[in-house]
Amino acid sequence: MNKADLIKKMAADAGITQGAANKAFNTLVEGITKSLSKGHRVTIVGFGTFSVTKRKARVGRNPKTGAPLKIAARPVPKFTPGKALKDRV
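Here the structure is a predicted model, which means the values were calculated and not measured.

**Student:** What am I meant to see in the overall build of the protein chain here?
**Tutor:** A tally of regular secondary structure across the protein chain gives three helices and five strands. Relative to the 2.2 N^0.38 estimate, which gives 12 Å for 89 residues, the radius of gyration of the protein chain is 18 Å and therefore markedly larger than a compact globule would have. Each principal axis of the C-alpha atoms in the protein chain carries an extent, and together these give about 55 × 30 × 30 Å. Sequence-distant contacts in the protein chain: of pairs separated by 6 or more residues, those separated by 24 or more amount to 27%. Positive and negative side-chain charges in the protein chain, numbering 19 and 4 respectively, have mean positions lying 17 Å apart.

Dropping the structure here:
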């Protein structure tokens, strides 16, 4: 299922237009993104938790030349599914 399919399902299930469902979906994603960029966690009970973790600096390799390459440490988003989601899948 992609974004368009999800928006169609949201519109049909909620009895709203696809435009309204698209706006609601984009607002949800924007809210989660803003919270994560501030370092906050977002928990949706029964679904899961979005959080930010720190990836350590490491040495990689250039695939073309094989030369060592330093990869800097950086924050990355993480999703942990909730119990209800795990049980349903």
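**Student:** Please clarify how the environment of Pro-68 should be interpreted in this entry.
**Tutor:** Along the polypeptide, Pro-68 turns up in strand E4 (residues 68-71). Look at Pro-68 and you get exposed, because its relative accessible area is 59%.

**Student:** Can you help me understand the sheet that holds strand E1 (residues 42-44) in this one?
**Tutor:** Through backbone hydrogen bonds, the strands of a sheet pair up, either in parallel or in antiparallel fashion. Reading across the sheet, the three strands line up as E1-E2-E5 and stay open at both edges, with antiparallel pairing between neighbours. Looking along the sheet, the strands with just one partner apiece sit at the ends: E1 and strand E5 (74-81). Neighbour to neighbour, the strand axes of the sheet diverge by 30 degrees on average, direction disregarded. Looking at chain direction, E1 and strand E2 (residues 48-55) are connected through three bridges and run antiparallel. Looking at the pairing, Thr-43 lines up with Thr-49 of E2. Along the sheet, helix H2 (residues 18-37) contacts E1, E2 and E5; its crossing angle with E2, the most-contacted strand, is approximately 35 degrees.

**Student:** Before we go on, may I ask you to explain the packing of aromatic side chains in this structure?
**Tutor:** Two measures describe an aromatic ring pair: the distance that separates the ring centres and the angle between the ring planes. Enumeration according to the criterion identifies two aromatic pairs in this entry. Here Phe-47 and Phe-79 contribute two aromatic rings whose centre-to-centre distance is 5.3 Å and whose plane-to-plane angle is 45 degrees, an arrangement assigned as tilted. Here the residue Phe-47 occupies a position in the loop between E1 and E2, and Phe-79 occupies one in strand E5, the gap between them amounting to 32 residues. Its relative accessible area of 34% is what places Phe-79 among the partly exposed residues. Relative to Phe-79, the ring of Phe-50 has its centre 4.8 Å away and its plane inclined at 50 degrees; by these criteria the two rings are tilted. In this pair, Phe-50 is assigned in strand E2 and Phe-79 in strand E5, connecting sequence segments 29 residues apart.

Scoring rules and cut-offs
In this convention, every chain numbers its residues from 1, walking through the sequence in written order. Totals for whole chains, interfaces and linings use all residues, but because this is a predicted model, local features are given only for residues with pLDDT of at least 70 and pairs of side-chain atoms are given and counted only at 80 or more. Only hydrogens and water are set aside; all other atoms, that is, all heavy atoms of the structure, feed into the side-chain values. Secondary structure elements follow DSSP: runs of H or I of four or more residues count as helices, runs of E of two or more count as strands, with numbering from the N terminus. As defined in this context, the radius of gyration uses C-alpha atoms, and a globule is described by 2.2 Å times the residue total to the power 0.38. Whether two residues touch is decided by their heavy atoms; if any such pair falls within 4.5 Å, the residues are in contact. In this count, Lys and Arg are taken as positive residues and Asp and Glu as negative ones, while His and the chain termini are left out. Charge placement uses NZ in Lys and CZ in Arg. For Asp and Glu, CG and CD serve respectively. Using a 1.4 Å probe on the protein chains alone, a residue whose accessible area is under 20% of its type maximum counts as buried, one over 50% counts as exposed, and one in between counts as partly exposed. Only when DSSP finds a minimum of two bridges between them are two strands counted as paired. Geometry is summarised by axes, namely lines fitted to C-alpha atoms with helices restricted to the contacting stretch, and by angles between N-to-C directions that run from 0 to 180 degrees. Planes of paired rings set the category: under 30 degrees apart is stacked, over 60 is edge-to-face and the rest tilted, where pairs are Phe, Tyr or Trp rings (Trp by its six-membered ring) whose centres lie within 6.5 Å.

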